[in-house]
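The chain contents come next:
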Amino acid sequence: MSEKFYLTTPIYYVNARPHIGHTYTTIVADAIARRKRALGIDTWFLTGTDEHGQKIERSAEQANCTPQEFADRVSAQFRGLWDRMGLTYDDFIRTTEPRHKQAVQKLFALLMEKGYIYKGSYTGQYCVFDELYVDAAPGAPCPDCGRPTETVSEENYFFKLSAFERRLLEYYDEHPEFIRPETRRNEVIAFVKSGLRDLSVSRTSVNWGIPVPGDEKHVIYVWLDALSNYITALGWGSPDAARYEKFWPADLHLVGKEIIRFHCVYWPAFLMAAGLPLPKTVQAHGWLLFEESKMSKSRGNIVRAETIIDTFGAMKPELAKAEQDLFGADVLRYFLLREIVFGQDGSFSFDALVQRYNSDLANGYGNLVSRTLSMIGRYFDGMVPLPATGGGAVPRAANLRNEIPGSIAAFAASFDAYDFSRALETAWALVADVDGFLTATAPWKKDDNITEEQQQAYRSTILYIAAEAIRIITALVYPVIPYSAAKVWAQLGLGDIRKADLKNLKFGGLKPNTKLGELTPLFPRADKETITHMSELEQKNAPAQAPAAESPAPAAEAAAPSTSKLRSAIDGLAVAMAESTNETAAVAAFESAIAETVRESMGSRKEKPAEPAQTGGHASEDAAKLPGGPVLPPAPATGTIAAPAPAPAATAAGDKISIDDFSKIELRVGQVKVAERVPKADKLLRLEVDLGTETRQILAGIAEAYTPESLIGRKVVIVANLAPRKLRGLESNGMIVAASVEGGRPVLAGFLEDVPVGARLK
Ligand code: MSP
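The rules we used
- Residues numbered from 1 in each chain as written.
- Predicted model: local features only at pLDDT ≥ 70, side-chain atom pairs only at ≥ 80, totals over all residues.
- Heavy atoms only, no water.
- Pairing = 2+ DSSP bridges.
- Helix = DSSP H or I, 4+ residues; strand = E, 2+ residues; numbered from the N terminus.
- Core = buried A, V, L, I, M, F, W, Y, C linked by side-chain atoms within 4.5 Å.
- Buried < 20%, exposed > 50% of the residue type's maximum accessible area, 1.4 Å probe, protein only.
- Contact = heavy atoms within 4.5 Å.
- Axes fitted to C-alpha atoms, helices over the stretch in contact; angles between N-to-C directions.
- Parallel < 35°, antiparallel > 145°, perpendicular 65-115°, else oblique.
- Left-handed = near helix turned anticlockwise from the far one by under 90°.
- Nonpolar A, V, L, I, M, F, W, Y, C, P; charged D, E, K, R; others polar.
- Near = heavy atom within 4 Å.
- Polar contact = N/O pair within 3.5 Å; in protein donor to acceptor, adjacent residues only side chain to side chain.
- Areas by Shrake-Rupley, 256 points an atom, 1.4 Å probe, with all protein chains shown as cover.
- Phe/Tyr/Trp six-rings, centres within 6.5 Å; stacked < 30°, edge-to-face > 60°.
- 1 Å grid on protein atoms, 1.4 Å probe; cavity = no way out; pocket = protein on both sides within 12 Å on 5 of 7 lines; lining within 4 Å.
- Points joined across faces, edges and corners; volume = space filled by probe spheres on them.
- Expected span 1.5 Å × (residues − 1).
- Arc of directions from axis to C-beta.

**Quick word on the sheet that holds strand β17 (residues 346-348)**
Here is step 1: Pairing within the open sheet is mixed, and its 3 strands lie in the order β16-β15-β17. Both edges of this open sheet fall to β16 (293-294) and β17, since each of them pairs with a single strand only.
Here is step 2: Where strand β15 (residues 288-290) meets β17, 3 bridges bridge the pair, whose relative direction is parallel. Bridge pairing in β17 places Phe290 opposite Phe348.

**Details of the nonpolar core**
Here is step 1: Of all hydrophobic cores here, the largest spans 193 residues; its most connected members are Phe159, Phe312 and Phe348.
Here is step 2: The biggest single contributor to this core is helix α13 (residues 350-380), with 15 residues.
Here is step 3: Contact partners of Phe159, with chain neighbours within four places excluded, come to Leu111, Tyr116, Ile117, Phe164, Asp198, Leu199, Val201, Ala269, Phe270 and Ala273.

**Thoughts on the packing of helix α15 (residues 420-441) against helix α16 (residues 452-477)**
Here is step 1: Between α15 and α16, whose axes approach to 10 Å, the crossing angle comes to 165°. One finds that α15 runs roughly antiparallel with respect to α16. As α15 runs across α16, the sense of the crossing is left-handed. Contact with α15, carried on its side by Leu424, Ala427, Trp428, Leu430, Val431, Val434, Phe437, Leu438 and Thr441, involves Tyr458, Ile462, Leu463, Ile465, Ala466, Ala469, Ile473 and Val477 of α16 and no other residues of that element.
Here is step 2: Of the residues contributing to the contact of α15 with α16, the split by class is 16 nonpolar, 1 polar and no charged.

**Observations concerning the sheet that holds strand β5 (residues 117-127)**
Here is step 1: Strand order in the open sheet made by the 4 strands is β6-β5-β7-β9, with antiparallel pairing throughout. Two strands close off the open sheet at either side, each with one partner strand: β6 (132-134) and β9 (199-200).
Here is step 2: Relative to strand β7 (residues 150-159), β5 runs antiparallel, the two sharing 10 bridges. When the sheet's bridge partners are listed, Thr123 is paired in β7 with Ser153.

**What about the site of the ligand?**
Here is step 1: Taken together, 24 residues form the shell around the ligand, and within it Ile11, Thr25, Asp50, Glu258 and Leu288 come nearest.
Here is step 2: One of the backbone N or O atoms of Tyr13 is found 3.0 Å from an oxygen atom in the ligand.
Here is step 3: Between the ligand and Glu258, the relevant distance is 2.8 Å, taken from an oxygen atom to a side-chain nitrogen or oxygen of the residue.
Here is step 4: Isolated, the ligand exposes 670 Å² of accessible area, and the fraction of that covered by the protein chains is 95%.
Here is step 5: Every element with two or more residues in the shell around the ligand is listed here: β2 (12-13), α1 (20-38), α7 (222-227) and α8 (229-232).
Here is step 6: The residue makeup of the shell around the ligand, split by class, is 12 nonpolar, 9 polar and 3 charged.

**Remarks on the packing of aromatic side chains**
Here is step 1: Scanning the model with the defined rule gives 36 aromatic pairs in all.
Here is step 2: Geometrically, the ring pair formed by Tyr12 and Phe78 is stacked, given 5.5 Å between the ring centres and 5° between the ring planes. Here Tyr12, found in strand β2, pairs with Phe78, found in helix α3 (residues 67-84); they are 66 residues apart in sequence, far enough to count as distant. Across this residue pair, the class does not change: Tyr12 and Phe78 are buried.

**A few points about unusual backbone geometry**
Here is step 1: Backbone torsion omega between Arg180 and Pro181 reads -5°, so that peptide bond is classified as cis.
Here is step 2: Among the structural elements, Pro181 can be located in the loop between β8 (179-180) and α6 (182-193).
Here is step 3: Of note, the amide linkage connecting Trp248 to Pro249 takes the cis form, showing an omega dihedral of 5°.
Here is step 4: In this fold, Pro249 is placed in the loop between α9 (242-247) and β13 (252-256).
Here is step 5: A positive phi angle is found at Asn64, which is not glycine, with a value near 60°.
Here is step 6: Take Asn64: it is sitting in the loop between α2 (54-62) and α3.
Here is step 7: In the Ramachandran plot, Ala442 falls in the positive-phi region, its phi being about 40° despite a non-glycine side chain.
Here is step 8: Structurally, Ala442 is set in the loop between α15 and α16.
Here is step 9: Exposure remark for Ala442: the relative accessible area of 8% places this residue in the buried category.

**So, empty space enclosed by the protein**
Here is step 1: Taken as a whole and judged by the stated rule, the model has 2 cavities of 30 Å³ or more.
Here is step 2: Around the largest cavity, the lining comprises 13 residues; the ones closest to its centre are Gly53, Arg203, Val206, Ile220 and Val222.
Here is step 3: Across the lining of the largest cavity, the residue classes break down as 7 nonpolar, 4 polar and 2 charged.

**Looking at the environment of Glu666**
Here is step 1: Within the secondary structure, Glu666 is located in the loop between α22 (659-663) and β18 (667-678).
Here is step 2: Between the C-alpha atom of Glu666 and that of Leu761, which follows or precedes it by 95 residues, the distance is 7.6 Å.
Here is step 3: Filtering out sequence-adjacent residues up to four positions away, Glu666 remains in contact with Ile718, Val719, Ala720, Asn721 and Arg760.
Here is step 4: Separated by 2.5 Å, the side chains of Glu666 and Arg668 make a polar contact.

**Some remarks on α6**
Here is step 1: The end-to-end C-alpha separation of α6 is 16 Å, in line with the 16 Å expected for 12 residues at 1.5 Å each.
Here is step 2: Among all positions in α6, only Arg184, Arg185, Val188, Ile189 and Val192 are buried. All buried residues of α6 fall inside an arc of 135° around its axis, so they share one side.
Here is step 3: Against α5 (165-174), β8, α10 (260-274), β14 (282-285) and β18 lie the buried residues of α6.
Here is step 4: Looking at the residues trailing α6, positive phi occurs at Gly195, about 110°.

Written out as structure tokens, the structure is:
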């Protein structure tokens, strides 16, 4: 039996049309699927849409149509975009399809039969945005996302999640590859260790969902419904389960980091309860940020893939529209896989996109292909030359040839470990080396000291090696830029790249005398106007993005809070959320109201800030509660330490401290090893800082001033002996020192000369 590989993306909510965040995950999955297929692995790639639940029900109401009509429309937008981009999913599941609904009901019945689902009653706070019951007091915002919660009192069915605590922990322990990367694994383990409570898996106040079999006034909880797609799409629970038998368990669930808990706690527990095998790996990736925060409809900072596809597609007017789309998709694919370090958050910008395109695709790979193949055209009549034996006379030829097997292996190792940027770096290092080889050997130069025959022999060796290296590079990068790689493959005279065999890729595969195909330009250079054009397109589209599914824009003021008081801002936000309208304005008002409230309350307190709640609150609150989180409000600009937020002039005039007092503060040099955003907390970064003797986790309210990437490797000053605090369930062990500029952003303390990690500041 041949090796198999089953991979999935999350199924996307249909409350809003796709943006490049969704596109990112789907592109990654497509690139992996293409590589697996090229390696001869029997691959199944599943994507789809998640169409039930309160969020969709409300979006449909807002758009004045039925939930089904609404879901049909948005689901088609997702699928249409994937098709325009040529994504090679094998199946697209919709949770409103009968094949899914009946199998979910079967799973629910099976879990009941096995005694893992029971009926009980529950009153709690429900977060509609996260589709989750949360630990919050009535009236309090969601501890995860800060949005308002609703008090829901219902008779529910419960899943005995608590029964799986030990089994899950054992499973994580025995299968370290189950959750990747390591930081996420640690997070999940900590979550499970903190105790699991039974999970409500039905709702009676929601209509838009799959009815509980035998008790139809209940609908099945959206996450139980959604997660099941990974098996229902394979035919589990249907008369034809052959595909399930062949492909389950999944080899890879690709997910954004914010839904790791659902995939690594609830999903394996459901499967364990049903007696089904567990997926092999859940791989979380970071967020694509735009203007420094996670793209989201509510923030209004969305970039759509169409903007990029249309703009770059138009640079190739000679192509038919469908091919222009595929070309544009390649540009986006290359950028996302090359620029974003997979697993970490990464910023998207049009400038960076154009810069990468020009340097790597137009001037790099594209230029190399065109100069090599046109010389073969000129000197060898368009036939791949037979290299002169040995090629000893050609400087660097042997080196370059010897480098290639290592490049193939390094590319494979990185790509198969999902380190796409490193893999592409390896491929482009080879592009640069071949380019350098051509420049150094200058096959176009006439040498009067040798015969024409000798000159041709010299050229044949150079151009064969260059063309062969191009063939190898092209085969490697095919999963990333399939359209362009296929073009180059055809220009090399090799026919259909989909038949290329990556398993046996080695130097020498290009047959001399192969007739080159037609040579056409590959990557025209992009100019500055391309950037302007994309920004304008995005702005033009912006108003249409806010309401889901292009429903008419609601009156902008409808949900805007009229006062700065927190209560009314929360009410405003609640209305905006409920109506799915104008969330951006309401969120902004909510944030500033919180900031104001926090500032007010701090101004009136002289003592240290109260301990933060275990679960944390809104991002701004978190920042203010950080051990010295230098964000809100700006402390008086007296010292270099952004003092604990209230800092009402801790050193009031005349109030001097002794040297002994100062020596109580242990300041040390640390180096940032890991930096990432904290989900749903705009201002917070989670850092792992090396102090020489240990690595500390520190939460710092500096996300508005520093991107995570910019901090990696940076030396910072840490207050090392602060008592630990918990924020958003994460422990912060120390404080990072920053200047707090009135009205401005925090500025990290640093050194002009190099200092060893761990050194003490005295
Ligand atoms: N419907 C659930 C998933 C159910 S899976 C059984 C859901 N849907 S979603 O529409 O919100 O999509 C979330 C996923 O989209 C993320 O996990 C990630 O894969 C992708 N992304 C959405 N926005 C993103 C960014 N800004 N950056 C990177 N990926 C993003 O959650």
